[in-house]
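Below, each chain spelled out in residue letters.
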Amino acid sequence: MQHTEGRTTLITSRDVARLAGVSQPTVSRALRGDQRVSEATRERVQRAADALSYVPSETGRSLSTRTTKRIGVVVTDLTNPFYPHLIGPLHDELEQHGYRMMLFTERSETAVASQRLLDRSIDGVVLATATIGSRLPTDLQQRELPFVFLNRESGGQPADAAVVDNELGGRLVARELTELGHRDIAHIGGPQDTTTGRDREMGFRVGLSEAGIGLAEDAVRRGPFDFDTGYRGLTELLTGPTRPTAVFCGNDVIAIGAFNAARAQGVRIPEDLTLIGFDDIPMAAWEAFGLTTVHYDLGELAQEAARLLVQRIDAEGEQEPRRTLFTPELVLRSTHAAR
């Protein structure tokens, strides 16, 4: 705004356009980070905007472009240390494309779907904690609101997704444990209504069967992907009829819970018990744990989800869903040993 003889003059994008020597639409595109605007033009527009103290109006931008430049990210379990490591890279990638991130942290997807996601206050949605059979993806499709699955899928209709090959990860763990000579093997997994929990266990079972080893149901514990599931699960397994020599945990947070339960029981890792996790969150590499785990690039996974969603928003006409599958690998640290 400019102040002249007691009057307040509103600076508009047309004023910026005149000073920069470009069209008004070019100003709008440059200030929202549109990749079609050259770097030189973007800098010239930004200098003009700074000189005039011009601040773009989000309301005006929304009305003129019918977009909000906002992306909703649904995470129903933000207390899990896994998710903050996705949020940062996701935010940065969206920002590079001119979008702001809005975090939805309701305890269930149903609560989210029935209210704020479908009111057209956002241009797209990242679903980071989808459950199998969830109605939310269907609701989003019916309202033609673009979305992408990150980390988990709903197991239903095909849609854009950035996910890990969870079955392969489970098989890698099974192969490592059987090659180390373990036969009394247990699993503490995540919820079966998540593709991550279901597929990691499925891959683990397949890998064990390839070595002629079965996974008895009494050697399996399941629960949320949290510390308590690991702590409680291992405590029960250690007091059961067949004490395992190796345990595959559905994620690193479960594994850290199991690690602490082992210490409380006086069980040495890896001398008495081999423990393997999944995800390779930064905490897994801490010297206190040195967790052997299944690795993939968390940051790149999040960035790919953002790219897929932005491409979907910008796409004209129908396009086939795109699914980027990340290949995991086993990272050998200090919680595994030969039997």
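Parameters and conventions
Residues numbered from 1 in each chain as written. Predicted model: local features only at pLDDT ≥ 70, side-chain atom pairs only at ≥ 80, totals over all residues. Heavy atoms only, no water. Helix = DSSP H or I, 4+ residues; strand = E, 2+ residues; numbered from the N terminus. Buried < 20%, exposed > 50% of the residue type's maximum accessible area, 1.4 Å probe, protein only. Contact = heavy atoms within 4.5 Å. Areas by Shrake-Rupley, 256 points an atom, 1.4 Å probe, with all protein chains shown as cover. Salt bridge = Lys/Arg side-chain N within 4 Å of Asp/Glu carboxyl O. Pairing = 2+ DSSP bridges. Axes fitted to C-alpha atoms, helices over the stretch in contact; angles between N-to-C directions. Expected span 1.5 Å × (residues − 1). 1 Å grid on protein atoms, 1.4 Å probe; cavity = no way out; pocket = protein on both sides within 12 Å on 5 of 7 lines; lining within 4 Å. Points joined across faces, edges and corners; volume = space filled by probe spheres on them. Nonpolar A, V, L, I, M, F, W, Y, C, P; charged D, E, K, R; others polar. Domains from an automatic or database assignment. Parallel < 35°, antiparallel > 145°, perpendicular 65-115°, else oblique. Left-handed = near helix turned anticlockwise from the far one by under 90°. Polar contact = N/O pair within 3.5 Å; in protein donor to acceptor, adjacent residues only side chain to side chain.

Draft legend 1. Region of the structure containing the overall build of the chain. Counting its regular elements, the chain contains 12 helices and 14 strands. Burial status across the chain gives 50% buried among its 339 residues. Across the chain, contacts joining residues at least 24 apart in sequence account for 69% of those joining residues at least 6 apart. Put simply, the chain shows about 16,100 Å² of open surface, and 47% of that area lies on carbon and sulfur atoms.

Draft legend 2. Quick look at the pattern of salt bridges. Counting across every chain of the model gives 18 salt bridges. Between E201 and R222 there is a salt bridge whose closest N-O contact spans 2.9 Å. Linking E201 in helix α9 (residues 195–210) with R222 in strand β9 (residues 220–222), this pair joins segments that are 21 residues apart in sequence. Classification of E201 by relative accessible area gives buried; the value is 4%. The exposure class assigned to R222 is partly exposed, which follows from its relative accessible area of 35%. In the salt-bridge network here, residues are joined through shared partners; they are E93, E300, E304 and R307.

Draft legend 3. Representation of the sheet that holds strand β4 (residues 100–104) within the structure. Judged by pairing direction, the sheet is parallel, and its 6 strands sit side by side in the order β4-β3-β5-β6-β7-β13 without closing on themselves. The sheet is open, and its two edges are formed by β4 and β13 (323–326), each paired on a single side. Between one strand axis and the next, the sheet turns by 20 degrees as a mean value, whatever way the strands run. Note: strand β6 (residues 147–150) against strand β7 (residues 161–164), 2 bridges, orientation parallel. Across the sheet, L150 pairs through a bridge with A162, a residue of β7.

Draft legend 4. Looking closely at the environment of A255. For A255, the location among the structural elements is in helix α11 (residues 252–264). A sequence separation of 25 residues divides A255 from G230, and the C-alpha atoms of the two residues are 5.9 Å apart. Contacts of A255, omitting those with residues within four sequence positions, involve C249, L275, G277 and L291.

Draft legend 5. Up close: helix α8 (residues 166–179). If you check α8, its first and last C-alpha atoms are 20 Å apart, about what 14 residues at 1.5 Å a residue would give, namely 20 Å. Within the span of α8, buried status applies to N166, L168, G169, G170, L172, V173, A174, E176, L177 and T178. Positive backbone phi, approximately 95 degrees, marks G181, located one or two places after α8.

Draft legend 6. Quick look at empty space enclosed by the protein. A full pass over the atoms with the stated rule returns 1 cavity of 30 Å³ or more. Residue lining of the largest cavity: N80, F82, Y83, N151, R152, T196, R200, F225, N251 and D279, and that is the complete set. Its residues assigned to classes, the lining of the largest cavity comprises 3 nonpolar, 4 polar and 3 charged. Looking at the lining of the largest cavity, you find at least three residues from each of domain 2 (70–164 + 298–325) and domain 3 (166–295).

Draft legend 7. Inspection of the packing of α8 against α9 at higher detail. Taken N-terminus to C-terminus, the directions of α8 and α9 make an angle of 40 degrees; their axes are 7 Å apart at the nearest point. Classified by the angle their axes make, α8 and α9 are oblique. Handedness of the crossing formed by α8 with α9: right-handed. Contact residues: N166, E167, G170, R171, V173, A174, L177 and T178 in α8; T196, D199, R200, M202, G203, F204, V206, G207, L208 and E210 in α9.

Draft legend 8. Summary view of the pairing of strand β10 (residues 246–249). Burial along β10 is two-sided: the face carrying A246 and F248 and the face carrying V247 and C249 are both buried. Bridge count between strand β8 (residues 185–189) and β10: 4 bridges; the pairing is parallel. Note on β10: the bridge partner recorded for A186 is V247. Relative to strand β11 (residues 274–279), β10 runs parallel, the two sharing 3 bridges. The partner of V247 across the bridge, within β11, is L275.

Draft legend 9. Helix α12 (residues 298–314), seen in detail. With 17 residues, α12 ought to run about 24 Å at 1.5 Å a step, and its terminal C-alpha atoms sit 25 Å apart, in line with that. Within the span of α12, buried status applies to L298, G299, L301, A302, E304, A305, A306, L308, L309, V310 and R312. The N-cap residue of α12 is D297: its side-chain oxygen and the backbone nitrogen of G299 are 3.1 Å apart.

Draft legend 10. Here's a closer look at the environment of Q141. For Q141, the location among the structural elements is in helix α7 (residues 136–142). Judged by its relative accessible area of 37%, Q141 is partly exposed. When the C-alpha atoms of Q141 and A159 are compared, they prove to be 9.3 Å apart, with 18 residues separating the residues in sequence. Ignoring anything within four residues of it in the chain, the contact list for Q141 reads F147, Q157 and P158.

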